[in-house]
Amino acid sequence: MSLFSKMFGNESSKFIGNVAEIVTKINAFEADISKLADEDFPKKTQEFKDRLAKSENRKEMLDEILPEAFALVREAAKRNLGERHYDVQLIGGIALHQGKIAEMRTGEGKTLVAVLPAYLNALTGKGVHIVTVNDYLSRIGAVLMGQVYNFLGLSVGVINSNNVSYLYDAKHTEEDEVRDQIGEFKIVYDFLKPVSRKEAYQADVTYGTNHEYGFDYLRDNLATSIDNLVQREPYYAIVDEVDSILIDEARTPLIISSAAGDSEDFYIKFYQIAKQLKKDTDYEVDEKLKAITLTDSGITKAEQLLGVENIYTEKGIKYVHHLETAIKAQAIFEKDKDYVVKEGEVIIVDPFTGRLQPGRRWSEGIHQAIEAKEGVKIEKETRSSGSITFQNYFRFYKKLSGMTGTAETSAEEFLKVYGLDVIVIPTNRPIVRKDHNDLIFQTEKGKFEAIAKKVKELNTRGEPVLIGTISIEKNELLSAYLKQEGVPHVILNAKNHEKEGEIIAQAGKRGAVTIATNMAGRGIDIKLGGNPIIKEEYEFVKSVGGLFVLGTERHEARRIDNQLRGRSGRQGDPGETQFYVSLEDDLMRVFGSEKIKTMMGRFGIPEDQPIENRFIGRT
């Protein structure tokens, strides 16, 4: 902490001090509200709406209503979910209402917190958007929290990919017990009624992904009739995993396209040429910039294969572009890391979450070049009809707020780009998790052998292990090492992510070993002993040390590593985390590790023998 922070207190502690009085007011309403009958809750909502409608200053009236409204939501959650908002969750809710980013640790109940400001701001009748990172989490949130909104007299919509939309349907009360047991990780579809896109947007609160909100905005801009518009004017958005959406994907353009472009033979022709060119001789690769540069010998060889004397003067920039694109597809884009081939189609893998991105395509001929490389059907190149970045889209909202477990490291960026303050919300219980220093190995082989031994040791004593990898390819490789050691495990990657919620929810069971791409760091709570909780199992796993999170590689963004670490030690539970790093890892290789490698070689350190390092953990 800087000297300035010590003297004057940081932004978060000031904020918490300022809102302490509001929290006291909310708590003061609890006794009276707990006496209300169930049927009084929608009446209370209508009363708030009437007060807002009569008010000349809506913002001031919302702040005036807040203590009673939050107390009402807390009681509704208590009656429907059996969960009562803690005071720290109320502070999180106030921060979100005030248009700030609430940094809340994993397991602190962000989904429940979002209901507080969503309910309050939905009273205006303008619609609140809750933004999630995938369809699965939007459906989970709507089904689980839908009962609270419904109890309060509000409607809930869901927008998903492939133009699928739902409204929360409260009729299936016979499924209530099932939802209470498994609703945190399994979607009970009986509570979702398929509707049109427009109806889902007309709901008081709408859950959906950043991509769907963005694409619907673009489609509305291309609509030729008012009847075809689906969205309302953007009013208030609560962005879950806000660092992932507003920073990692901020500059990602959403593009609506129409078909145009070159014939299939063109891509195949250049793929055949690229295949014959050799790395370092005919072209050089810059891994940091993900770019290639043709050498003189490479240009000469390509000209000979094309049967031209000078590719630049005879064929122009078009041929040069196609040649470079074909080489990029060959040298930079890796199967099962950057993309997978599924049912004859090249599907992009999201580099931040490890999830498949069906329907998304690389532009400028890259996708077609990869299709030629993989021997699948080459789709036509497309021409952009409309585009927008997330950074620009989310600025349309009159009020924007967000939640994540890892925002403080990017606080400056949030403030500069979006004008959003980051408030670090204290945990309900102290964190007792142990974060060990990184272990550095000379080779990837040595690292994986050491991981397999460590996991076997933990597994023998019944301690659950979650292993985070950076790609599908590394998942499969590590799985082979664990099989060799005879360790039973499950793999979670973009190839089987339909069941990811159910698998990750059980990653805290006695002796469970789960290998997952870094999508495991997002959205699902891992409870010790499994979910639903069995007390004896919970106590056993707690006694052996809790969940051990083992990272197999460092990510460029420290937040992604912190997110993985945060899977362990929820709600004051014990846990341990450690990263195993090798000097052959992409990050270490690209950013220079030759000196350490030479030193380890000089001292004769074996492949699977590590050196311990605090520095990497801090950078």
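Scroll up to find the structure this text is about.
Residues numbered from 1 in each chain as written. Predicted model: local features only at pLDDT ≥ 70, side-chain atom pairs only at ≥ 80, totals over all residues. Heavy atoms only, no water.

This part takes up the packing of aromatic side chains. Summed over the entire model, instances satisfying the criterion amount to 17 aromatic pairs. Relative to Tyr397, the ring of Tyr393 lies with its centre 5.6 Å away and its plane at 90°, an arrangement referred to as edge-to-face. We note that Tyr393, like Tyr397, is buried. Taken together, Tyr217, Phe390, Tyr393, Phe394, Phe396 and Tyr397 form an aromatic cluster joined through their ring pairs. Residue placement shows Lys399 over the ring face of Tyr236; its charged tip is 4.9 Å from the ring centre. For the cation-ring pair, Arg510 lies above Phe540, with the distance from its terminal atom to the ring centre recorded as 3.6 Å. (Phe/Tyr/Trp six-rings, centres within 6.5 Å; stacked < 30°, edge-to-face > 60°. Buried < 20%, exposed > 50% of the residue type's maximum accessible area, 1.4 Å probe, protein only. Lys NZ or Arg CZ within 6 Å of the ring centre and 35° of its normal.)

Across the sheet, nine strands lie side by side as E5-E4-E3-E6-E2-E7-E15-E1-E16; this open sheet has mixed pairing. A single partner strand is all that each edge strand has here, and the edge strands are strand E5 (192-195) and strand E16 (422-424). Across this sheet, the average inter-strand angle for adjacent strands is 20°, counted without regard to direction. Direction of pairing for strand E4 (residues 165-168) relative to E5: antiparallel, over a ladder of four bridges. Its bridge partner being in E5, Tyr168 is matched across the sheet by Leu192. The strands touched by helix H10 (residues 210-222) within the sheet are strand E2 (128-132), strand E3 (156-159) and strand E6 (205-209), with E6 carrying the most contacts at an inclination of about 100°. (Pairing = 2+ DSSP bridges. Helix = DSSP H or I, 4+ residues; strand = E, 2+ residues; numbered from the N terminus. Axes fitted to C-alpha atoms, helices over the stretch in contact; angles between N-to-C directions. Contact = heavy atoms within 4.5 Å.)

With that out of the way, let us pick up the pattern of salt bridges. In this structure the tally under the stated criterion is 39 salt bridges. Here Arg51 ties to Glu68 by a salt bridge, and the two come within 4.0 Å at their closest N and O atoms. Placement of the pair is Arg51 in helix H3 (residues 40-54) and Glu68 in helix H4 (residues 58-81), with a sequence separation of 17 residues. Of the residues examined, Arg51 reaches a relative accessible area of 26% and is grouped as partly exposed. For Glu68, a relative accessible area of 15% puts it in the buried group. (Salt bridge = Lys/Arg side-chain N within 4 Å of Asp/Glu carboxyl O.)

For the rest of this paragraph, the subject is the sheet that holds strand E13 (residues 356-357). Spatially, E11-E12-E13 is the arrangement adopted by the three strands of the open sheet, whose pairing is antiparallel. At either margin of the open sheet sits one strand with a lone partner, and together these are strand E11 (339-342) and E13. Two elements, E11 and strand E12 (residues 345-349), share four bridges in a ladder whose sense is antiparallel. Counterpart to Val340 in the pairing with E12 is Ile347. Taken strand by strand, helix H15 (residues 366-374) contacts E11 and E12, and its axis lies near 125° from that of E12.

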